[in-house]
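# Structural overview for review
Chain residues, written in single-letter form:
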Amino acid sequence: MPTYTAPVNDIQFVLHQVLGASEQDIPGYEELDAEFTAAVLEEAGKIASGVLAPLNLEGDSRGVRFENGVVRTPEGFREAFEQIKAGGWPALDCDPDYGGQGMPVLLGTAVGELFSGANQSFTMYQGLTHGAYSAIHAHGTDAQKAKWLPRMVSCEWTGTMNLTEPQSGTDLGLMRTRAVPQDDGTYRITGEKIFISAGDHDLAGNVVHLVLARISGAPEGIKGVSLFIVPKVLVNEDGSLGARNNVSVGKVEKKMGIHANATCVMNYDGAEGYLLGQEHKGMRAMFTMMNEARLGVAMQGLAQAEAACQNAADYARERLQGRAVTGAENPGGPADSIIVHPDVRRALMDQRSFIEGARAFLLWGASLIDRSRRCDDAAAEGLISLLIPVLKGFLTDKGFDATVAAQQIFGGHGYIEETGMSQFVRDARITQIYEGANGVQALDLVGRKLAAEGGKPIMAFFDLVKRFIAENEGDAVLREAFLEPLKAASKDLQAASMFFMENGAKNPNAALAGSYDFMHLFGHVCLGLMWARMAGASAAALASGTGDAAFHEAKLVTGRYYMARQLPATALHLARIRSGDAPVMALPADRF
């Protein structure tokens, strides 16, 4: 059975020695001193390892049950959910006006990694609720916020997002769900939504659905879409639960992974709903929470990679097979542990160097969301909007690759279910698909984000990298192993951006054919920057005589590995981008 240990020390290192959280000028960050965050993370880690992780394998094998119209979660989930609620964990970074604790997104993201790494299916129930909370908080009336948010913050009621329909996935302008206005100001919602995560369950007394629909007579296409609050159970004037709304579960999907999370077909048969935000501005309301939601999916990709890697490293140290080519390292035993073999070590280093760099990138992204909101910082908003498709696409692609690499270390034992390694692979796979498939993230990055504000955010990123390199060129530890590779990778990213500028307008296919490579090229540069920052922090700690020399020496070794073995991939991605659209589009559609 797999185990999970919360990586508290690694998170603390990023929060305080790399990001300097409590020293930042973001309101609320002054509370995030090392002692406080350690206490929060250690307590979250106990719940992750002791409560959630033991339910993960069993939840995967049993899944949810759909009986007589009722969705039932696996044994132990209700008790664990009550424990999460009692600890106030869903309220961690929610508004105190509605029962939240008011902590920054940064801390919520760090805790979210621990819970998702321990049990992704379980953590999605509260995660989806947070997304719905965010939309109502941003666009609801005072009355709507007072009615819905307190019970969503506590997870007494949970929430969902209903976008997709059978004929309408990424192209939401094709949706058919209708909203008919009533004399009392409510709407009657009719339609079918599919792939609704946490769509129904037995963990909470009510499920508050946010449903995209088209009001009768609205313009066609995406500009005619509105967003509605549609509860599973209607709520009386005094806040008590009333009659069941005309919302039902058509079926619960059987799927590759996240078996313990109910992915539902939701049927709305004249259900009572309430407009959230303005008519025909549903996508604006929905996209309010997209940066945060996609950051959350990036976190899931990282979290599954971390959990899988922990188990792979343990197995590699314990599994005896063959001898080291340089001579037996376990002469008293029948064989050496497989960690002595260079290819196993390479696979583990690939995983570790990605995971630790990705964690720093993720938490930096969370801090940019906090800065954009808490400081009303337009530059931070522009930068995180640029980076979100990179975070979501790159971290979930590479996170999935890491789970496969971890499974491979187990050999045949990784392919059978009792070791639990296949679950990490299967659960990680969905992160590449939902909240906007990664190909769409790449198109968004190249088609919209690069040119946003006249290219100001991407230029700000280049300036940030240049400034870091210039400020640290005198550091002998960083210069050759970190700064030179980062400089070369950044030049590749600039060259790719220039290719799109020169060719995109006259031949859009040339830009879009290279969009996926650009997303990965950008991701590597971001991790290269993070590793250079982490290396600087660890070098400074060692120079000051830290008591945890082994931790920081390992950081430097792992960082050098990434810079030497992973970051050079930027040159390959640039070569593919420069090949243009001809190799991609040459074969006629009827030849596939």
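Please refer to the structure placed before this passage.
Residues numbered from 1 in each chain as written. Predicted model: local features only at pLDDT ≥ 70, side-chain atom pairs only at ≥ 80, totals over all residues. Heavy atoms only, no water.

Before going further, it helps to examine the overall build of the chain. Assigned secondary structure in the chain consists of 19 helices and eleven strands. By the compact-globule yardstick of 25 Å for 592 residues, the chain fits well, its C-alpha radius of gyration being 24 Å. Counting every position in the chain, which comprises 592 residues, the buried fraction comes to 59%. A separation threshold of at least 6 residues defines the contact pool for the chain, and within that pool the share at least 24 residues apart is 74%. When the accessible surface of the chain is split by element, carbon and sulfur atoms take 52% of a total near 23900 Å². In the chain, which carries 53 positive and 69 negative side-chain charges, the distance between the mean positions of the two groups comes to 5 Å. (Helix = DSSP H or I, 4+ residues; strand = E, 2+ residues; numbered from the N terminus. Rg over C-alpha atoms; globule rule 2.2 N^0.38 Å. Buried < 20%, exposed > 50% of the residue type's maximum accessible area, 1.4 Å probe, protein only. Contact = heavy atoms within 4.5 Å. Areas by Shrake-Rupley, 256 points an atom, 1.4 Å probe, with all protein chains shown as cover. Lys, Arg positive; Asp, Glu negative; His and termini not counted. Charge placed at Lys NZ, Arg CZ, Asp CG, Glu CD.)

Bringing the side chain of threonine 403 into the picture now. Looking at the secondary structure, you find threonine 403 in helix α10 (residues 378-409). Take threonine 403: its relative accessible area is 0%, and that puts it in the buried class. Those residues in contact with threonine 403, other than ones at most four positions away along the chain, are Gln304, Ala305, Ala308, Phe424, Val425 and Ala428.

Helical geometry: 3.6 residues make up each α-helical turn, so side chains three or four residues apart lie on a common side. The end-to-end C-alpha separation of helix α13 (residues 456-472) is 24 Å, in line with the 24 Å expected for 17 residues at 1.5 Å each. Along α13, the positions that sit buried rather than exposed are Pro457, Ile458, Phe461, Phe462, Leu464, Val465, Phe468, Ile469 and Asn472. Projected down its long axis, α13 carries its buried residues within an arc of 150°, all on one side. Seen from the buried face of α13, the exposed residues on the opposite side, beyond 90 degrees, are Lys456, Ala470 and Glu471. Looking at the buried residues of α13, the elements they touch are α9 (342-374), α10, α14 (476-503) and α16 (515-543). (Expected span 1.5 Å × (residues − 1). Arc of directions from axis to C-beta.)

Another point: the packing of helix α12 (residues 438-449) against α16. Where α12 contacts α16, the axes come no closer than 8 Å and their chain directions differ by 85°. For the element pair α12 / α16, the angle class is roughly perpendicular. Residues Asn438, Gly439, Gln441, Ala442, Leu443, Leu445 and Val446 of α12 form the contact with α16, whose participating residues are Ser515, Tyr516, Phe518, Met519 and Phe522. Among the residues making up the contact of α12 with α16, the classes are represented as eight nonpolar, four polar and no charged. (Axes fitted to C-alpha atoms, helices over the stretch in contact; angles between N-to-C directions. Parallel < 35°, antiparallel > 145°, perpendicular 65-115°, else oblique. Nonpolar A, V, L, I, M, F, W, Y, C, P; charged D, E, K, R; others polar.)

Before going further, it helps to spend a moment on the nonpolar core. Counting 150 residues, the largest nonpolar core has Phe361, Trp364, Leu387, Leu395, Phe461, Phe518 and Phe522 as the members making the most contacts within it. With residues up to four places along the chain from it excluded, the contact list for leucine 387 reads Phe361, Trp364, Leu368, Phe461, Phe522 and Cys526. Formed by 35 residues, the second largest nonpolar core is a distinct cluster that contains Met175, Val225, Leu276 and Met286. (Core = buried A, V, L, I, M, F, W, Y, C linked by side-chain atoms within 4.5 Å.)

Glancing now at the packing of aromatic side chains. Within the structure shown, the criterion is met by 14 aromatic pairs. Ring geometry for tryptophan 89 and phenylalanine 115: centres 5.6 Å apart, planes at 85°, overall edge-to-face. Here the residue tryptophan 89 occupies a position in the loop between α3 (77-86) and α4 (105-118), and phenylalanine 115 occupies one in helix α4, the gap between them amounting to 26 residues. Phenylalanine 115 carries the same exposure label as tryptophan 89, and that label is buried. Ring centres of phenylalanine 461 and phenylalanine 522 lie 5.0 Å apart, and the angle between their planes is 65°; on these two criteria the pair is classed as edge-to-face. In this pair, phenylalanine 461 sits in helix α13 while phenylalanine 522 sits in helix α16, placing the two residues 61 residues apart along the sequence. Look at phenylalanine 461 and you get buried, because its relative accessible area is 0%. An aromatic cluster is defined as three or more aromatic residues linked by ring pairs; in this entry it consists of Phe461, Phe462, Phe499, Phe500, Phe518 and Phe522. A cation over an aromatic ring shows up here: lysine 147 above the ring of tyrosine 274, its NZ or CZ 5.2 Å from the ring centre. Positioned over the ring face of phenylalanine 400 is arginine 429, at 5.7 Å from the centre of the ring. (Phe/Tyr/Trp six-rings, centres within 6.5 Å; stacked < 30°, edge-to-face > 60°. Lys NZ or Arg CZ within 6 Å of the ring centre and 35° of its normal.)

As a further point, take the pairing of strand β11 (residues 263-276). Of all the 14 residues making up β11, 13 are buried; the element is thus mostly covered by neighbouring parts of the structure. Where strand β5 (residues 187-197) and β11 come together, nine bridges link them in antiparallel fashion. Considered in β11, the bridge of lysine 193 is made with methionine 266. Direction of pairing for strand β7 (residues 225-231) relative to β11: antiparallel, over a ladder of three bridges. Counterpart to isoleucine 229 in the pairing with β11 is tyrosine 274. (Pairing = 2+ DSSP bridges.)

The next point concerns the pattern of salt bridges. Taken as a whole, this structure holds 29 salt bridges when the rule is applied. Linking aspartate 60 and arginine 426 is a salt bridge whose minimum nitrogen-to-oxygen distance equals 2.8 Å. Highlighted residues: aspartate 60 in helix α2 (residues 34-62) and arginine 426 in helix α11 (residues 421-429), separated in sequence by 366 residues. Each member of the pair, aspartate 60 as well as arginine 426, is classed as buried. A salt bridge links glutamate 67 to arginine 65; its shortest N-O distance comes to 2.8 Å. Under the relative-accessibility criterion, glutamate 67 is labelled partly exposed at 32%. Residues joined by salt bridges that share partners form a network here, namely Asp10, Arg352, Glu356 and Lys555. (Salt bridge = Lys/Arg side-chain N within 4 Å of Asp/Glu carboxyl O.)

Read these as spatial facts, not as claims about activity.
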